[in-house]
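Chain and residue survey
What follows is the residue order along each chain.
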Amino acid sequence: LGPTVCVGEILVEIVATTVGDGFLEAQPLVGPFASGAPAIFISQCGRLGGAAAMVGAVGDDDFGRVNIDRLKRDGVDVSTIAVHPDYPTGSAFVRYRKDGSRDFVYNIARSAAARFGWSPRVSDLINRTGHLHVMGSALSVPSAREVIDKAVDIVKARGGTLSVDPNIRKELQLDVETERRFLRLVAAADLLLPSGQELERAAGITGEANAIRRLFEIGVNEIVLKRGAEGATYFGRNGERIDAPAFLVEEVDPTGAGDCFGGAYLTCRRLGMSPDEALTYGSAAGARNVTVRGPMEGAGTRQELDAFIASTERLS
Ligand code: ADP
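Parameters and conventions
- Residues numbered from 1 in each chain as written.
- Predicted model: local features only at pLDDT ≥ 70, side-chain atom pairs only at ≥ 80, totals over all residues.
- Heavy atoms only, no water.
- Helix = DSSP H or I, 4+ residues; strand = E, 2+ residues; numbered from the N terminus.
- Rg over C-alpha atoms; globule rule 2.2 N^0.38 Å.
- Buried < 20%, exposed > 50% of the residue type's maximum accessible area, 1.4 Å probe, protein only.
- Pairing = 2+ DSSP bridges.
- Axes fitted to C-alpha atoms, helices over the stretch in contact; angles between N-to-C directions.
- Contact = heavy atoms within 4.5 Å.
- Phe/Tyr/Trp six-rings, centres within 6.5 Å; stacked < 30°, edge-to-face > 60°.
- Lys NZ or Arg CZ within 6 Å of the ring centre and 35° of its normal.
- Near = heavy atom within 4 Å.
- Polar contact = N/O pair within 3.5 Å; in protein donor to acceptor, adjacent residues only side chain to side chain.
- Areas by Shrake-Rupley, 256 points an atom, 1.4 Å probe, with all protein chains shown as cover.
- Nonpolar A, V, L, I, M, F, W, Y, C, P; charged D, E, K, R; others polar.
- 1 Å grid on protein atoms, 1.4 Å probe; cavity = no way out; pocket = protein on both sides within 12 Å on 5 of 7 lines; lining within 4 Å.
- Points joined across faces, edges and corners; volume = space filled by probe spheres on them.
- Core = buried A, V, L, I, M, F, W, Y, C linked by side-chain atoms within 4.5 Å.
- Salt bridge = Lys/Arg side-chain N within 4 Å of Asp/Glu carboxyl O.

**Observations regarding the overall build of the protein**
If you tally the helices and strands in the protein, you get 10 helices and 14 strands. In summary, the protein has a C-alpha radius of gyration of 18 Å against a globular reference of 20 Å for 316 residues, a match within 12%. Each principal axis of the C-alpha atoms in the protein carries an extent, and together these give about 50 × 45 × 40 Å. Across the 316 residues of the protein, 53% fall into the buried class.

Have a look at this one:
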């Protein structure tokens with residue numbers, strides 16, 4: 001039915017290599033790494049060999065080229081990534097605190113990442129898209145909203161499917177309009193990929209079981225709840241539940257785990273695998289990615305994930 005398409009922000013990330021608690025402390029940095037949750041997701045789809053394309057924008061600069069080269073190498077169709085002549089590529093500086101939390105300094109709103117729109121090229125792609133993936137974070141980017149609204153309608157009308165990763169930090173208050181869009185998107189989703197408390201937030205109800213029931217009532221078909229180092233759980237419409245234990249790895253950089261998990265899970269499902277098999281690849285992709293510094297540097301090909309699965313113990 002056509003490629004998997006992801007719409008949203010494309011960034012470079014520059015990451016501190018030490019852990020500290022003072023924001024003004026000078027720290028050794030590494031990067032730039034290709035990033036942006038939607039870009040990480042689509043990179044993992046491409047590496048696994050699923051047909052994949054990205055809609056977004058970068059600036060006409062080296063940071064933009066880092067992203068385009070990277071996604072091209074991963075097998076992603078980059079012809080709908082616009083190169084903006086006047087705005088720089090989006091960027092994020094990331095620093096890790098001693099308690100495991102992260103601080104970000106973002107430049108997204110004033111970058112090319114927030115300046116793309118519907119175009120004849122995007123229209124042509126969306127009209128042959130089989131699956132659309134949307135990250136909740138993209139809803140905060142005004143130009144992405146229009147593209148997402150149109151794309152959801154077109155893809156669903158032609159019998160394609162939609163997956164949604166809420167990707168909303170728990171402390172983030174969405175404005176009324178964004179919250180409304182978010183809930184509409186959840187209701188249109190075939191596959192939902194929440195992590196932690198996003199499950200209850202997407203369902204608008206407290207309690208895991210209540211949330212799952214409510215989401216199936218409003219039309220979601222499949223839910224995969226991500227639980228970080230504790231693994232992931234699949235819930236099917238007919239009461240099926242599969243718990244996927246996490247692989248035992250040493251976490252170097254947690255950024256991108258959920259996006260790699262989602263990209264691998266979705267691609268495996270689209271390639272015809274069962275939820276159980278897709279969960280194994282998703283869990284492997286998430287775990288492998290946290291062992292490498294950089295948001296998508298540890299995403300894996302089929303061969304790399306098979307080797308990882310064969311050689312890595314899982315929680316029992
Ligand atoms: P998100 O980044 O969306 O919050 P998670 O952190 O839950 O998502 O990560 C997604 C998946 O990646 C998890 O369900 C798990 O399978 C795997 N994963 C993430 N962190 C680790 C870790 N430290 N060790 C092993 N697996 C992990």
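**Points about the sheet that holds strand β7 (residues 90–96)**
Spatially, the 4 strands line up as an open sheet ordered β3-β2-β7-β8, and their pairing is mixed. The sheet is open, and its two edges are formed by β3 (29–35) and β8 (102–107), each paired on a single side. In this sheet, adjacent strand axes meet at a mean angle of 20 degrees when their direction is disregarded. For strand β2 (residues 11–19) and β7, the ladder comprises 6 bridges, and the chain directions are parallel. Bridge pairing links leucine 11 to glycine 90 in β7. Against the sheet, helix α2 (residues 62–73) touches β2 and β3, its axis set at about 55 degrees to β3.

**What to know about the packing of aromatic side chains**
Scanning all chains against the criterion turns up 3 aromatic pairs. Ring geometry for phenylalanine 261 and tyrosine 265: centres 6.4 Å apart, planes at 5 degrees, overall stacked. Placement of both phenylalanine 261 and tyrosine 265 in helix α8 (residues 257–270) is noted, with a separation of 4 residues, approximately one turn of the helix. You'll find phenylalanine 261 and tyrosine 265 in the same group, each marked buried. The side chain of arginine 115 reaches across the aromatic face of tyrosine 87, ending 3.9 Å from its centre. Over the ring of phenylalanine 247 we find arginine 314; its NZ or CZ atom is 4.4 Å from the centre of that ring.

**Some thoughts on the site of the ligand**
The full set close to the ligand counts 18 residues, and Ser195, Lys226, Gly228, Gly231 and Glu251 are the nearest of them. Serine 195 is positioned with one of its side-chain polar atoms (N or O) 3.0 Å from an oxygen atom of the ligand. Between arginine 227 and the ligand, the recorded distance is 3.5 Å, taken from a backbone N or O atom to an oxygen atom. For the ligand, the accessible surface in isolation is 550 Å², of which the surrounding protein chains cover 84%. Examining the composition of the shell around the ligand, we find that 4 residues originate from one element, helix α9 (residues 275–290), more than from any other. Looking at the shell around the ligand residue by residue, the classes come out as 9 nonpolar, 6 polar and 3 charged.

**Here's the deal with the layout of surface pockets**
When its volume is computed, the second largest pocket comes out at roughly 160 Å³. Taken together, His131, Thr161, Asp190, Leu191, Asn221, Glu222, Leu266, Arg269 and Arg270 form the lining of the second largest pocket. Per-class residue counts for the lining of the second largest pocket are 2 nonpolar, 3 polar and 4 charged.

**Considering the nonpolar core**
Formed by 46 residues in total, the largest nonpolar core has its most connected members in Leu132, Ile148, Leu192 and Ile223. Looking at this core element by element, the count peaks at 6 residues for helix α4 (residues 142–157). Within the second largest apolar cluster, 43 residues are counted, among which are Phe41, Tyr234, Tyr265 and Leu305.

**Side note on the environment of glycine 90**
Relative to the helices and strands, glycine 90 resides in strand β7. A residue is classified by how much of its surface remains accessible, and glycine 90, at 0% relative accessible area, is buried. The spatial distance from the C-alpha of glycine 90 to the C-alpha of glutamate 9 is 7.9 Å, given a sequence separation of 81 residues. Ignoring sequence-local partners within four residues, the contact set of glycine 90 consists of Ile10, Leu11, Val12, Asn107, Ser111 and Ala113.

**Digging into the pattern of salt bridges**
One pass over the full model with this rule turns up 22 salt bridges. Across the salt bridge formed by arginine 184 and aspartate 149, the nearest N and O atoms sit 3.6 Å from each other. In this pair, arginine 184 sits in helix α5 (residues 176–188) while aspartate 149 sits in helix α4, placing the two residues 35 residues apart along the sequence. Overall, the relative accessible area of 44% leaves arginine 184 in the partly exposed class. Among the ionic pairs, aspartate 165 bridges to lysine 226, the shortest N-O distance being 2.8 Å. You can see aspartate 165 sitting in strand β10 (residues 161–165) and its partner lysine 226 sitting in strand β12 (residues 222–226), a full 61 residues away along the chain. By relative accessible area, lysine 226 is classed as buried at 9%.

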